[in-house]
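Fold and contact review
The lines below spell out each chain.
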Amino acid sequence: MSTKPIVVGVDGTPASDRALEWALDEAVVRGRPLHVVHAWTFEALADWTETTEQRVRAESEALLEKAVLKASEQRQDLPEIVRTSVRGDAAEALEKASEGAELLVVASHTGHRIRQIVLGSTSMHVVRHAHAPIVVIPVNDRELAETAR
């Protein structure tokens, strides 16, 4: 039996919650551990808040815990779950996390088209650069309508 994990990226959005739920199911079916990854950034001179790096890290860890608890609450079977909070760009963090993985699961970008063009897209990046097969969970109609507002 392989121990290659299924890796899923989360960011606190409904789309990433659905990606996590899908990845949980897939990890159980395949008998694989699940690595849940959240990336965060902190630039002391660019973030004009009184937030500290430790606080941002703690918020990331809390986001991971909340997402995993929510996705796990109605499930009988759970895989081994590893939560990883990573400082850095989400696309690069997921690309690195995909090294040696069975599968990488992400939610598709829900941002405005201009944002996709100017800033790029995490899911687009990992589709091009990941080291494992990719599953991209699409946004649903409600999420698209909310984004259009």
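Quick note: structure is the one above.
The rules behind each value
- Each chain carries its own residue numbering, running from 1 in the direction its sequence is written.
- The predicted origin of the model limits local features to residues at a pLDDT of at least 70 and limits the giving and counting of side-chain atom pairs to 80 or more, whereas totals for whole chains, interfaces and linings rest on all residues.
- Side-chain metrics in this entry use all non-hydrogen atoms of the structure; hydrogen atoms and water are not considered.
- Working convention: axes come from line fits to C-alpha atoms, limited for helices to the stretch in contact. Angles between N-to-C directions cover 0 to 180 degrees.
- Labels follow the DSSP assignment, with helices taken as runs of H or I lasting at least four residues and strands as runs of E lasting at least two, numbered in each case from the N terminus.
- If an angle is under 35 degrees, it is roughly parallel; if it is over 145, roughly antiparallel; if it lies from 65 to 115, roughly perpendicular; otherwise it is oblique.
- Crossings are sorted by hand: turned counterclockwise from the far helix by less than a right angle, the near helix makes the crossing left-handed, and turned clockwise it makes it right-handed.
- Contacts are residue-level and defined by heavy atoms, with any inter-residue pair within 4.5 Å sufficient.
- When residues are sorted by character, Ala, Val, Leu, Ile, Met, Phe, Trp, Tyr, Cys and Pro go into the nonpolar class, Asp, Glu, Lys and Arg into the charged class, and all the rest, Gly among them, into the polar class.
- One bridge is not enough; two strands pair if DSSP finds at least two bridges between them.

1. Comments concerning the packing of helix α1 (residues 14-30) against helix α2 (residues 53-72)
For the pair α1 and α2, interaxial distance at closest approach is 10 Å and the crossing angle is 60°. When the axes of α1 and α2 are compared, the pair comes out oblique. Along this stretch, α1 crosses α2, giving a crossing that reads as right-handed. In this structure, α1 uses Asp 17, Leu 20, Glu 21 and Leu 24 to contact α2, whose residues at the interface are Ala 67, Val 68, Lys 70, Ala 71 and Ser 72. Classifying every residue of the contact of α1 with α2 by side-chain character gives five nonpolar, one polar and three charged.

2. Things to note about the sheet that holds strand β5 (residues 134-137)
The strand order across the open sheet built from five strands is β3-β2-β1-β4-β5, with neighbouring strands paired in parallel fashion. This sheet does not close on itself; its edge strands, each paired only once, are β3 (81-87) and β5. Here the average twist between neighbouring strands, direction ignored, is 20°. Note that strand β1 (residues 6-9) and strand β4 (residues 103-107) share three bridges and pair parallel. Residue pairing in the sheet places Val 7 in a bridge with Leu 104 of β4. Along the sheet, α2 contacts β2 (34-40) and β3; its crossing angle with β3, the most-contacted strand, is approximately 150°. The strands touched by helix α3 (residues 90-97) are β1, β2, β3 and β4; relative to β2, the strand with the most contacts, the crossing angle is about 155°.

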